[in-house]
Amino acid sequence: MKLYDDNGREVTNPAVLKILEAVKELVPSWGDEEPDYSDIEAYDDDGARITNRTTLRAIAESDRIIADWEKRHAG
């Protein structure tokens, strides 16, 4: 998977790419409505804030998946 920030630079952080790849497999399609992602602060390898909506959407979805997993496996 190749992702790019708003400046056209490729995102190469392996942790970010791994999470986004997992989300892509779990959520094959996204909703039509665009939620507000302004509360997400993510930065690329050069320290620039990531504002690409697709990337922010994947981060938000991964947060929901993690929260759901933690609820199911809390024990």
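One can find the structure itself at the top, above this paragraph.
As a starting point, this report considers the structure included with it. Model, not experiment: these values are computed from the prediction.

**Examining the pattern of salt bridges**
Line of reasoning, step 1. Throughout the structure, instances matching the rule amount to four salt bridges.
Line of reasoning, step 2. Here D46 and R9 are joined by a salt bridge, their closest N and O atoms 3.4 Å apart. Within this pair, whereas D46 is found in the loop between α1 (14-26) and α2 (53-73), its partner R9 is found in the loop between β1 (3-4) and β2 (10-11), the two being separated by 37 residues in sequence.
Line of reasoning, step 3. A relative accessible area of 59% places D46 in the exposed class.
Line of reasoning, step 4. Classification of R9 as partly exposed rests on a relative accessible area of 31%.
Line of reasoning, step 5. In this structure, the salt-bridge partner of R72 is D68, at a minimum N-O distance of 3.1 Å. Here D68 and R72 lie together in helix α2, a separation of four residues that amounts to about one turn.
Line of reasoning, step 6. Exposure remark for R72: the relative accessible area of 56% places this residue in the exposed category.

About the thresholds
- Residues numbered from 1 in each chain as written.
- Predicted model: local features only at pLDDT ≥ 70, side-chain atom pairs only at ≥ 80, totals over all residues.
- Heavy atoms only, no water.
- Salt bridge = Lys/Arg side-chain N within 4 Å of Asp/Glu carboxyl O.
- Helix = DSSP H or I, 4+ residues; strand = E, 2+ residues; numbered from the N terminus.
- Buried < 20%, exposed > 50% of the residue type's maximum accessible area, 1.4 Å probe, protein only.

Honestly, that's just the spatial picture; any functional story needs more than this.
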